[in-house]
Amino acid sequence: IPDDYVPDPGQRLDLYKRLSAIEDEDECRALLDEIADRFGPVPGETILLADLMIVKALARRLDASRTTVQGRLQR
């Protein structure tokens, strides 16, 4: 989450914690909607982070012991 998007470190930390605790895609999309309502259009970096948290949530549901993401970021 870029510093210039959410300038307050405490708010950013809270958002990171909430994103890391999501359990499914619907919950993630609802959180992204809330973030957009509070701070404006969600930057690509934050959307990418949310997508990664969805993958992690799915992996937790499958009892995966590890997840690996490979490839290059497209901006």
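All values reported here derive from a predicted model rather than from experimental measurement.

### So, helix α3 (residues 44–61)
For α3, built from 18 residues, the straight-helix expectation of 26 Å at 1.5 Å per residue is met to within 8% by its first-to-last C-alpha distance of 26 Å. Those residues of α3 lying buried are Thr46, Leu49, Ala50, Met53, Ile54, Ala57 and Ala59. Packing partners of the buried residues in α3 comprise α1 (9–20) and α2 (25–39).

### Considerations on the environment of Pro43
Tracing the sequence through the fold places Pro43 in the loop between α2 and α3. On the basis of relative accessible area, Pro43 is assigned to the buried category, the value being 17%. Along the backbone, Pro43 and Ser20 are 23 residues apart, and their C-alpha atoms lie at a distance of 18 Å. With residues up to four places along the chain from it excluded, the contact list for Pro43 reads Pro2 and Tyr5.

### Observations regarding the nonpolar core
If you look at the biggest cluster of nonpolar residues, it comprises 15 residues, and the most contacted ones within it are Ile1, Tyr5, Leu19, Ile22, Cys28, Leu32 and Ile35. Listed by contribution, the elements that provide at least two residues to this core are α1, α2 and α3.

The rules behind these values
Residues numbered from 1 in each chain as written. Predicted model: local features only at pLDDT ≥ 70, side-chain atom pairs only at ≥ 80, totals over all residues. Heavy atoms only, no water. Helix = DSSP H or I, 4+ residues; strand = E, 2+ residues; numbered from the N terminus. Expected span 1.5 Å × (residues − 1). Buried < 20%, exposed > 50% of the residue type's maximum accessible area, 1.4 Å probe, protein only. Contact = heavy atoms within 4.5 Å. Core = buried A, V, L, I, M, F, W, Y, C linked by side-chain atoms within 4.5 Å.

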